[in-house]
Amino acid sequence: MSAEEEKEFVVTPWEVSGIVDYDKLIQEFGTEQISDELYARLERDAKGSHHMLRRRVFFSHRDLNQVLDDYESGKGFFLYTGRGPSGRMHIGHIVAFYFTKWLQDRFKVNLYIQITDDEKFLEERRNLTLEDAHKWSLDNILDIIAVGFDPDRTFIFRDTEFMGRMYNMAIKIARRINYSTVKAVFGFNLQTNIGMLFYPAVQIVPTMLERKRCLIPAAIDQDPYWRVQRDVAEGMGYYKTAAIHSKFIPPLIGFQGKMSTSRPETAIYLDDEPKIVAEKIYKYAFSGGQATIELHRKLGGNPDVDVPFQWLYMFLEEDDSKIEGIAERYRRGELLTGELKEIFIEKLNQFLEKQRQRKDAARDKTKLYMR
């Protein structure tokens, strides 16, 4: 691959490819980088810090400052996020949910979680039956409940079940969005089925479930929906939605694109057994180490391009002193690539085991979240 080709990347709600330049993406999407002052203000209002904020995993926003204005003035806000149930959930899917839980715990706000089984059925490249989408939605809901959201402040809903309650709002939104807009924002064309043309209106509905400002924590590939929402909201008497965007946890095989259910070698799934986890990491996880032990001891490794380190840094290891120690030992060549992978495997399997246990316990709790 040429240097020019490496600079090319694509970020849409359905595709992330290439090496993402996040500074360039902020410019292309028209979002704002979260300043040091805004980070400090968010943590001050939350009365606590989060490692994904300290490490700038959440890096971009729309109107986060106004969310905090509303919170500080007593108006309050609410949270909204979601999941498209196209298969088993992996680590890349669950990260934003854990950060969302932190926001809910800290600010004591309502949360709406949309399960977009309709969209995954309509998305033709997935080739899912509606029955498949229903099956995966139920499985994914259990993984989401396992995160530990407050059941008194959380509502989880599947579009195909809740559509009767959403439809009036969806058609009011749809009437304000023309084909030229969705074509420009989402890349729809004359071969796109009409269900997908209507779908953005459905995903916008939860931003208007309360007469407060909505804050959406999600990976930045979902931002195009909120650009459309912000065009129509105030004309309907609602707030423009706010958003806080995360970077992508890199796929195992390197820094191009993101983890994908269509490429199992790029991802660790939440139901992967410990043996499978170890095999995938040893076989696929991209290393920042040297070609030989002798060279590694002499030259050291590069944690900035090492996927096991990046997963630890971005999500799994919350202790700053521990992660800094790992990075320094790796750079000096004291910590070998295999040893770093062992640390990663142990930490990841601990997380997955807890997630599985909570998922099993969630089977009796779905009514608490979906009533």
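Check the entry above for the structure.
Residues numbered from 1 in each chain as written. Predicted model: local features only at pLDDT ≥ 70, side-chain atom pairs only at ≥ 80, totals over all residues. Heavy atoms only, no water.

(A) A look at the packing of helix α11 (residues 194-204) against helix α12 (residues 223-232). The contact between α11 and α12 brings their axes to 10 Å, and the two run at 80°. Taken together, the axis directions place α11 and α12 in an arrangement best described as roughly perpendicular. Contacts between α11 and α12 involve Tyr199, Pro200, Gln203 and Ile204 on the former and, on the latter, Tyr225, Trp226, Val228 and Gln229. When its residues are assigned to classes, the contact of α11 with α12 shows six nonpolar, two polar and no charged. (Axes fitted to C-alpha atoms, helices over the stretch in contact; angles between N-to-C directions. Helix = DSSP H or I, 4+ residues; strand = E, 2+ residues; numbered from the N terminus. Parallel < 35°, antiparallel > 145°, perpendicular 65-115°, else oblique. Contact = heavy atoms within 4.5 Å. Nonpolar A, V, L, I, M, F, W, Y, C, P; charged D, E, K, R; others polar.)

(B) Structural context of the pairing of strand β6 (residues 111-115). By the criterion of burial, β6 is predominantly enclosed, with five of the five residues buried. Of the two faces of β6, the one carrying Leu111, Ile113 and Ile115 and the one carrying Tyr112 and Gln114 are both buried. Here strand β5 (residues 77-83) pairs with β6 via five bridges, running parallel. From the neighbouring strand, Gly82 faces β6, where its bridge partner is Gln114. Direction of pairing for β6 relative to strand β7 (residues 154-158): parallel, over a ladder of five bridges. (Buried < 20%, exposed > 50% of the residue type's maximum accessible area, 1.4 Å probe, protein only. Pairing = 2+ DSSP bridges.)

(C) Representation of the pairing of strand β8 (residues 213-219) in the model. Buried residues dominate β8, accounting for six of its seven residues. Pairing of β5 with β8 involves three bridges; the strand directions are parallel. Pairing of Leu79 across the sheet is with Leu215, part of β8. As paired elements, β8 and strand β9 (residues 242-246) share five bridges and run parallel to each other. Counterpart to Pro217 in the pairing with β9 is Ile244. As for the winding sense of the linkage, the β-α-β connection from β8 through α12 to β9 is right-handed. (Right-handed = clockwise from strand over helix to strand, strands pointing away.)

(D) Representation of helix α2 (residues 22-29) in the model. For α2, the set of buried residues is Tyr22, Leu25, Ile26 and Phe29. Each buried residue of α2 sits inside an arc of 105° when the element is viewed along its axis, so together they form one side. Opposite the packed face of α2, turned more than 90 degrees from it, sit the exposed residues Asp23 and Gln27. Those residues of α2 that are buried are in contact with β1 (9-11), β3 (32-33), β4 (58-62) and α12. N-capping of α2 is provided by Asp21, with a side-chain oxygen placed 3.2 Å from the backbone N of Asp23. Where α2 ends, the next residue or the one after it, Gly30, has phi of about 75°, a positive value. (Arc of directions from axis to C-beta. Polar contact = N/O pair within 3.5 Å; in protein donor to acceptor, adjacent residues only side chain to side chain.)

(E) Inspection of the sheet that holds β5 at higher detail. Read from one edge of the open sheet, seven strands run β3-β4-β9-β8-β5-β6-β7, paired in mixed fashion. Two strands close off the open sheet at either side, each with one partner strand: β3 and β7. Two strands pair when backbone bridges link them, and β3 and β4 are joined in this way by two bridges, in the antiparallel orientation. Its bridge partner lying in β4, Glu32 is registered against His61. Along the sheet, α12 contacts β4, β5, β8 and β9; its crossing angle with β4, the most-contacted strand, is approximately 20°.

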